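In case you want the letters, here they are:
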2 protein chains.
Amino acid sequence: MNDERRKFKREPAEARKEALILATLELVAENGVRGATVRAIAERADVTQGLIRHYFSSKEELIIAAYEHHMTAMTDETFAPAAGADGTALQRLTAFVNASLTPPVVDPRSIALWASFLNKVQQDPQMKATHERTYAYFRDRLEVLIAAALKEAGRPAPAARLRRLAIACNAVIDGLWLEGGALPDAFGPGELVEIGRHSVAAITGLNLEQEAEKK
Amino acid sequence: MNDERRKFKREPAEARKEALILATLELVAENGVRGATVRAIAERADVTQGLIRHYFSSKEELIIAAYEHHMTAMTDETFAPAAGADGTALQRLTAFVNASLTPPVVDPRSIALWASFLNKVQQDPQMKATHERTYAYFRDRLEVLIAAALKEAGRPAPAARLRRLAIACNAVIDGLWLEGGALPDAFGPGELVEIGRHSVAAITGLNLEQEAEKK
DNA sequence: CGCGTAATTATGCAAGTGTATAATTTCCCC
DNA sequence: GGGGAAATTATACACTTGCATAATTACGCG
């Protein structure tokens, strides 16, 4: 009896773990955390459900791993374009605003994921910690960018004012991110970035428009 | 056998419906839409599960009713303080910003509800329509307030610019609302409103601070 | 080549899910 | 106060859920 066809293939542990996490993220975005059932995840990853238990001791653990994977991916996508330390501080700030308000950061799926995880984030301490850390990381980096750009323009600001500016700019970006992702058809192409740059410029008193054109 | 104790009490249809909706909102905020099970809702409303089917032909219908109840309550809470048509346009705009960034509008439960419903909103056409209508209502009212305040200040703006200003101001408010509700401990009391007023002022070029002090 | 270990599948289970239907109980009206 | 219709409870059912445990299968290593 030659069974030419293998019934399954062994994969490296890390690859399989990541495949399971990606399948989980897809389903969480589509149906929420409770809607992402173990069986559905297994099917999406072309695997039987028992295998999940082999890599994650519980669904809870898989969900937490998926959340951290998503948050890491989001920060990477946001900061990659502004990571090149070249250019003026103003240019880097502009690049940051641009990246935050264009795909793949602005994306219905990304917003859906964020929303689906929120409940768990508010309850599970570990997920809560990840959330707060990510938020602080975003805002701090934005604050550093703003501080550098203001200093560059010859108008350095005290810490208290910098904090308020960073919170405000972060809020505009978050709000536009949210609305752009939740109502993708409500805005023209490039409209979000333009409004974002304009708003950050108005709040900080910096001229981001000029930078955008130069590019 | 005198059973002095009634086994249940008949309630007016509307009162019972509302009680069921309120119980549903509590549980949706706590555990998400799928976590708000029919049995849990019934228990929270001090009722047996069969009664839900008597008032709502399915769980889906109850969820939709609860969503619309929540959205209506949110808009009412936001616009009530600015509803009094007295005072200058600038005062009304300031009142709107204040109301949007203080409890009960800013509230972890409110954000949790918004997030829990998002998945369904993206899929169910009826809920999607409600969502878009509410968003448009908010932004339009904000745009009217801004237009009036600008005109009052002797600096009327064309429609295209008004649209962009409204989107931007709405985004700051939404972003602050989100962050204030998702991380209640990250901001001092009154900090959100202050940053909100300051940002709207910077974006529109109007002086909302003065108005806030006068009050 | 075969052997053993770990990856993977197969099967089962108890609890929870929405919904349907029948059995009670309340309370208005004459 | 006693019918009777409507509100409410009680019970049942088919299906899904996460998890556990046993049975297979792949494949590196001697």
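Residues numbered from 1 in each chain as written. Chains lettered and ligands numbered in written order. Predicted model: local features only at pLDDT ≥ 70, side-chain atom pairs only at ≥ 80, totals over all residues. Heavy atoms only, no water.

Looking at an unreviewed UniProt entry, one finds chain A named TetR family transcriptional regulator C-terminal domain-containing protein, with Leisingera daeponensis as its source organism.

This part covers the relation of the copies chain B and chain A. Rotating chain B by 180° and moving it 0.0 Å along the rotation axis overlays it on chain A with an RMSD of 0.1 Å. Both copies are brought into coincidence by an operation consistent with a two-fold rotation axis. Most of the interface of chain B is mirrored in chain A, where 100% of its interface residues again form contacts. (Least-squares fit on C-alpha atoms with pLDDT ≥ 70 in both. Contact = heavy atoms within 4.5 Å.)

A few words on the domain arrangement of chain A. All names here are of chain A. Structurally, chain A comprises domain 1 (10-57) and domain 2 (67-214). Inter-centroid distance (C-alpha atoms) of domain 1 to domain 2 is 30 Å. Contact with domain 1, which involves nine residues of that partner, is made by eight residues of domain 2. Considering only the side of domain 1, the residues that lose the most area to domain 2 are L25, A29 and V33, jointly responsible for 63% of the buried surface there. Run the count over domain 1 and domain 2 and you get zero salt bridges. On inspection of domain 1 and its partner domain 2, the count reaches one residue pair in polar contact (both at pLDDT 80 or more). (Domains from an automatic or database assignment. Buried area = accessible area lost by both parts, 1.4 Å probe. Salt bridge = Lys/Arg side-chain N within 4 Å of Asp/Glu carboxyl O. Polar contact = N/O pair within 3.5 Å; in protein donor to acceptor, adjacent residues only side chain to side chain.)

Quick look at the UniProt feature "domain: HTH tetR-type" (unreviewed entry) in chain A now. The feature "domain: HTH tetR-type" (unreviewed entry), as annotated in UniProt, sits at residues 14-74 of chain A in this numbering. In this annotation, residues 14-74 of chain A is assigned 84% helix and 0% strand; the end-to-end C-alpha distance for the span is 20 Å. (UniProt positions renumbered as here; feature names shortened; annotations may be inferred. Helix = DSSP H or I, 4+ residues; strand = E, 2+ residues; numbered from the N terminus.)

Attention shifts here to the protein's contact with DNA strand C. Near DNA strand C lie 25 residues; those nearest to it are R16 and Y55 of chain A together with R10, T37 and R53 of chain B. Restricting attention to atoms of DNA strand C within 4 Å of the protein, one finds that 67% of them are sugar or phosphate atoms. Within the side chain of R16 of chain A, a nitrogen or oxygen atom sits 2.7 Å from a phosphate oxygen of DNA strand C. The contact in question runs from a phosphate oxygen of DNA strand C to an N or O atom on the side chain of K59 of chain B, over 2.9 Å. Looking at the surface near DNA strand C, the element that brings in the most residues is helix α3 (residues 50-55) of chain A, giving four residues. For the surface near DNA strand C, the residue count by class is six nonpolar, seven polar and 12 charged. (Near = heavy atom within 4 Å. Nonpolar A, V, L, I, M, F, W, Y, C, P; charged D, E, K, R; others polar.)

Okay, the layout of surface pockets next. Considered as a void within the structure, the largest pocket measures approximately 470 Å³ in volume. Among the elements of the structure, α1 (13-35) and α6 (108-123) of chain A together with α1 (13-35), α4 (59-83) and α6 (108-123) of chain B are those that each provide at least two residues to the lining of the largest pocket. In the lining of the largest pocket, the residues fall into five nonpolar, 11 polar and 11 charged. (1 Å grid on protein atoms, 1.4 Å probe; cavity = no way out; pocket = protein on both sides within 12 Å on 5 of 7 lines; lining within 4 Å. Points joined across faces, edges and corners; volume = space filled by probe spheres on them.)

Residues and elements named next belong to chain A. At the junction of P103 and P104, the peptide bond is cis and its omega measures out at 0° in the coordinates. As for its position among the elements, P104 is in the loop between α5 (89-100) and α6. The backbone of D46 sits at a positive phi, close to 55°, despite the residue not being glycine. Mapping D46 onto the fold places it in the loop between α2 (38-44) and α3.

With that settled, consider the interface of chain B and chain A. Between chain B and chain A, the contact holds 44 residues from the first and 44 residues from the second. At the junction of chain B with chain A, the criterion picks out four salt bridges. Joining chain B to chain A, the criterion identifies 12 residue pairs in polar contact (both at pLDDT 80 or more). Going through the elements one at a time, α1, α6, α7 (125-152), α8 (159-182) and α9 (191-204) of chain B are the ones with two or more residues in the side of chain B that touches chain A. The biggest single contributor to the side of chain B that touches chain A is α8 of chain B, with 14 residues. Classifying every residue of the side of chain B that touches chain A gives 22 nonpolar, 12 polar and 10 charged.

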